[in-house]
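Notes for the structure review
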Amino acid sequence: MKPSLFRLHAVVLLVVVGLVASSCGGSDDSSASATSASEEADGEATAVSEPAEGDQAATDDGFPLTFTNCDDEFTLDSAPERVLLMEAAAPSLLFAAGAMDRVVARIEDFPEEYYTADEMAVLRAIPALLAEATATGGVEVSIEEIIAHEPDIVIGYDTATLTHDTLGDVGIQLYVMPPFCDNPPTPSFESILEEVRLYGEIFGTTEIASASAAAMEAAVATAADAPVAAGKTAAALYVSSDGSAIYAYSSLGMVHPLMEALGMTNVFAELSERVPEVSIEEVIGRNPQILVLLYDDTGLTPEEISAMVTGRQGAGSITAVAEGAVYPLLFNYAEPPTPLVVEGLSVLSTQIAR
């Protein structure tokens, strides 16, 4: 499924990456995923004649870097210098990788609930680009607008006009965030850590990214070691902003491992779709002890979100409703897999523990 239920208010950022030397610090580590253009025997590299003009000599900075994205393999000869970034939760990946200081353009605003005051100051200082909303809740920016800003790489998701081929034809790389691939990987906290580390390789900031990944790994372990909802059954529901529909998350959503880390058992885990629409009768029938209500309309209060479910006919018979165990959670704290979900683990844990 495309971005509609990952983010109903998607945004596009234009990121400009400065010189790698200005921010890569000690990023001399070569990743196992990086492939060198030429690897010589020990001590013999100095004997090799200089490459012809225009050839990319192998270096110790991790480039050329080869990686797989949506089942396709791509190679970067050097860290991108100009990056266009799409997706509302993506800044958390760049902050974690130490690359947000390179952003020079964006589209729309970022919900301030997800970021610190300092981070919001960075985001608000970024000039906005023009884009049009799509029927699925995403945004569309013209190829001409993208070309005008001369990015080396676009990070986010593909659209009807923004594809690997269309951007590749004008010399621009498209990196689709894994959750938006046609065959997305099973979400997990480990996938978030891997993505942060990959961004460190892409931007030449491996030390910063590795440190961020280690801190997040420790935070997840701490929550899992003392789960606040051990043995409880739960359902994670997405509530449409007008209250007309509710959707239940199966084991294919990132919110599933989030619930598991806190000790919950997802009563909708076996569903074959990631987030199908369900009726209140189905929720009543499964009778979860905890309800996690995902929403992204910040114009509504948590109490208003809760009422969209608890106020439905028969909902009072659900154990979670009867016992007051209903927890509204801002969408990007659970979906898609980004560092915001690690923060969401703490946010939800605090709510439940009160």
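Structural data are supplied above this passage.
Described in the following lines is the structure provided in the data block. (Residues numbered from 1 in each chain as written. Predicted model: local features only at pLDDT ≥ 70, side-chain atom pairs only at ≥ 80, totals over all residues. Heavy atoms only, no water.)

1. Considering the side chain of N69
Quick note on the threshold: Only DSSP runs of H or I with at least four residues qualify as helices, and only runs of E with at least two residues qualify as strands; both kinds are numbered from the N terminus onward. Summary of the burial criterion: residues with accessible area below 20% of their type's maximum are buried, those above 50% are exposed, and those between are partly exposed, where the area comes from a 1.4 Å probe applied to protein chains only. As used in this structure description, the phrase polar contact means that two N or O atoms lie within 3.5 Å; if the pair is within protein, one of them must be able to donate a hydrogen and the other to accept it, and residues adjacent in sequence are counted only when both atoms belong to side chains.
On the secondary structure map, N69 appears in strand β2 (residues 65–69). Taking relative accessible area as the criterion, N69 reaches 1% and is therefore assigned buried. Reaching out from N69, the side chain makes a polar contact with the backbone oxygen of V176 at a distance of 2.6 Å.

2. Side note on unusual backbone geometry
Glycine aside, negative phi is the norm for most residues, and most peptide bonds take the trans geometry. The omega angle of the peptide bond from F63 to P64 is 0 degrees, so this bond is cis rather than trans. Positive phi, close to 70 degrees, is recorded for D71, a residue that is not glycine. As for its placement among the helices and strands, D71 is situated in the loop between β2 and β3 (72–76).

3. Some words on the packing of aromatic side chains
Selection rule: Side-chain rings of Phe, Tyr and Trp (the six-membered ring for Trp) are treated as a pair once their centres are within 6.5 Å; stacked means planes under 30 degrees apart, edge-to-face means over 60, and tilted covers the remaining angles.
For the structure on display, the rule yields 10 aromatic pairs. Between Y157 and F180, the ring centres sit 5.6 Å apart and the planes meet at 80 degrees, which makes this aromatic pair edge-to-face. Here Y157, found in the loop between β8 (153–156) and α4 (164–168), pairs with F180, found in the loop between β9 (173–176) and α5 (189–203); they are 23 residues apart in sequence, far enough to count as distant. Taking relative accessible area as the criterion, Y157 reaches 2% and is therefore assigned buried. For the ring pair Y238 and Y247, a centre distance of 6.3 Å and an interplane angle of 50 degrees mean the geometry is tilted. Y238 sits in the buried class, given a relative accessible area of 2%. What links up through ring pairs into an aromatic cluster is the set F67, F74, Y175, Y199 and F203.

4. What to know about the state of the cysteines
For the record, the criterion: The criterion for a disulfide is a pair of cysteine sulfur atoms lying within 2.5 Å.
For the structure on display, the rule yields one disulfide. A sulfur-sulfur distance of 1.9 Å marks the disulfide that ties C70 to C181. Judged by the sign of its S-S torsion, about -80 degrees, the bond between C70 and C181 is left-handed. Residue C70 is found in the loop between β2 and β3, and its partner C181 is found in the loop between β9 and α5; the two are separated by 111 residues along the sequence.

5. Topic: a negative patch on the surface
What counts, and what does not: In this analysis, a patch consists of residues with relative accessible area above 30% that form no salt bridge, clustered at 9 Å for like charges and at 5 Å for the nonpolar side chains Val, Leu, Ile, Met, Phe, Trp and Tyr. Here the open area of atoms and residues is found with the Shrake-Rupley method and a 1.4 Å probe, where only the protein chains shown may cover a residue. The working definition used for a salt bridge is a side-chain nitrogen of Lys or Arg within 4 Å of a carboxyl oxygen of Asp or Glu. By the counting rule applied here, Lys and Arg register as positive and Asp and Glu as negative, while His and the ends of each chain are not counted. Lys charges are placed at NZ, Arg charges at CZ, Asp charges at CG and Glu charges at CD.
Together, D71, D72, D165 and D169 make up a region of like negative charge exposed at the surface. Along the chain, the position of D169 falls in the loop between α4 and β9.

6. A look at the nonpolar core
To keep things clear, this is the line we draw: To form a nonpolar core, buried Ala, Val, Leu, Ile, Met, Phe, Trp, Tyr and Cys residues must be joined to one another through side-chain atoms within 4.5 Å. Contact definition: two residues touch when any of their heavy atoms are within 4.5 Å.
F189, L237 and L291 are the most contacted members of the largest nonpolar core, which totals 106 residues. With eight residues, α5 is the largest single contributor of residues to this core. Residue contacts for L237: discarding those within four places in its chain leaves I246, Y247, A248, Y249, F268, V283, L291, V292, L293, L294 and V309.

7. Some points on the layout of surface pockets
Convention followed: Buriedness for pockets is judged along seven lines, at least five of which must meet protein on both sides within 12 Å for an open set on the 1 Å grid over protein atoms alone, while cavities are sets there where a 1.4 Å probe fits but cannot get out, and lining residues have an atom within 4 Å of a point. Grid points are joined across faces, edges and corners, and a volume is the space filled by probe spheres set on the points. When residue character is reported, Ala, Val, Leu, Ile, Met, Phe, Trp, Tyr, Cys and Pro are called nonpolar, Asp, Glu, Lys and Arg charged, and the others, Gly included, polar.
Quantified by volume, the largest pocket comes out at close to 700 Å³. Elements that contribute at least two residues to the lining of the largest pocket include exactly β2 and α5. Ranked by the residues each element gives to the lining of the largest pocket, the list is headed by α5, at five residues. Grouping the amino acids of the lining of the largest pocket by side-chain chemistry returns 18 nonpolar, six polar and seven charged.

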